[in-house]
Amino acid sequence: ATDSEPEPEPPRPALEVIGAGFGRTGTYSLKEALTILGYKPYHFVTPQHAELWAAHAEGRLDTEALLSTLLPLLAEEGYTATLENPSADLYRELASRFPSSLVVLSVRDSGAKWEASWKLLFDTMQLTERPFSLLFPSFFQWIPLFRHLKTIRTRMGTQLGLAPGELTHGWRRKPDGWLATQYERHVEQVRNTIPADRLLVFNVKEGWEPLCKFLGKPVPKQAFPRSTANDAKALRRLRLAFLGVTYAWIPAVALCAYGVARGLGLGALWNRRR
């Protein structure tokens, strides 16, 4: 470029890896592994994009409009991989838009193990989704981000033909094993949709070898990451934290009210003595 011509902008990164696995399939460990390999994974939803995803879940944005808006933002922020729902629900659309990308379908040992993990997740998340009531005085749904996340979750599983919210909460009205069947349907759908040479079905227990071979990356010397940030123990701690936040303000307010009342009472007594 000459002095009078602006410098050309560097090319924005395209998505190189598309995660097609549902949440609770080791996606957080996979995120850490992809980061070590030099990718920048977009995992679940970032807060600044939550309103956009919620508009899509509500039907105010169709998938084409969502991706036309979201993908330039992801490119601008340097993301080169996607993981977990809700982007995993759009694995077909993303794979079509990025034909040179590779698809990783993260899986659990069995549908039954995934079902148990999914139930624990949504028994925890529902604490942030319930409306305020006298018996459950939660303020979470008064916060826009939590309202958006509740809406986003309703769309999970709709690519399987499920009704909105059926995968995330409708399972409570289904028999045991129903969730495992939906998980297996999703795995089978991905296998039948993505060509074999573009697809890796991957359990994080397998470690670096199959992942690096598929992505054409050298095997790192460090151990494959085993994240505990979102495991069962962490979810149980998070559940207790949500319950604590829900009820802890009551004694705090009561204590403040007592302090105010006591202060007013002492003030009145002082005035009478004067």
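This section reports on the structure supplied with the text. For clarity, every value in this text was computed on a predicted model and none was experimentally measured. (Residues numbered from 1 in each chain as written. Predicted model: local features only at pLDDT ≥ 70, side-chain atom pairs only at ≥ 80, totals over all residues. Heavy atoms only, no water.)

Some remarks on the packing of aromatic side chains
Applied cut-off: Note on aromatic contacts: the rings of Phe and Tyr and the six-membered ring of Trp form a pair at centre separations within 6.5 Å, being stacked when their planes are under 30 degrees apart, edge-to-face when over 60 apart, and tilted otherwise. Going along the chain from the N terminus, every DSSP run of H or I of four or more residues is numbered as a helix, and every run of E of two or more is numbered as a strand. For a ring to carry a charge above it, either NZ of a lysine or CZ of an arginine must fall within 6 Å of the ring centroid while also lying within 35 degrees of the normal to the ring plane.
Taken as a whole, this structure holds 13 aromatic pairs when the rule is applied. Where Tyr 42 meets Tyr 79, the ring centres are 5.1 Å apart and the plane angle is 80°; that geometry is what we call edge-to-face. One end of the pair, Tyr 42, is in strand S2 (residues 41-43); the other, Tyr 79, is in the loop between helix H3 (63-76) and strand S3 (81-83), and 37 residues separate them in sequence. Through pairs of rings, three or more aromatic residues link up here, namely Phe 22, Trp 114, Trp 118, Phe 122 and Tyr 183. Looking at Lys 40, its charged tip hangs above the ring of Tyr 79, at a distance of 4.7 Å from the centre. One cation-aromatic arrangement involves Lys 217 over Tyr 39; the distance from NZ or CZ to the ring centre is 5.0 Å.

Re helix H8 (residues 208-215)
In plain terms, the rule: Per-residue accessibility, obtained with a 1.4 Å probe over protein chains only, is compared with the maximum for each type, and a residue is labelled buried under 20%, exposed over 50%, and partly exposed between these values. Our arc is simply the arc of the directions from the helix axis toward the C-beta atoms. In what follows, residue pairs with any heavy atoms lying within 4.5 Å of each other are defined as contacts.
Taken together, the buried positions of H8 are Trp 208, Leu 211, Cys 212, Phe 214 and Leu 215. For H8, the arc enclosing every buried residue in end-on projection is 160°, short of the 170-degree limit, so these residues lie on one face. Opposite the buried face of H8, at more than 90 degrees from it, the exposed residues are Glu 209 and Lys 213. Check the buried side of H8 and you find it contacts strand S1 (17-19), helix H1 (27-36), strand S4 (102-106) and strand S5 (199-202).

Some details on the nonpolar core
Counted only if it meets this: What makes a nonpolar core is a set of buried Ala, Val, Leu, Ile, Met, Phe, Trp, Tyr and Cys residues whose side-chain atoms join them at distances within 4.5 Å.
Of all hydrophobic cores here, the largest spans 50 residues; its most connected members are Trp 53, Trp 118 and Leu 167. Of all the elements, helix H5 (residues 111-129) adds the most residues to this core, at seven residues. With sequence-adjacent residues up to four places away left out, Leu 167 is seen in contact with Phe 22, Trp 114, Trp 118, Met 156, Gly 157, Leu 162, Trp 178, Leu 179 and Gln 182. Judged by nonpolar contacts, the second largest core, of 19 residues, contains Ala 33, Val 104, Leu 211 and Phe 224.

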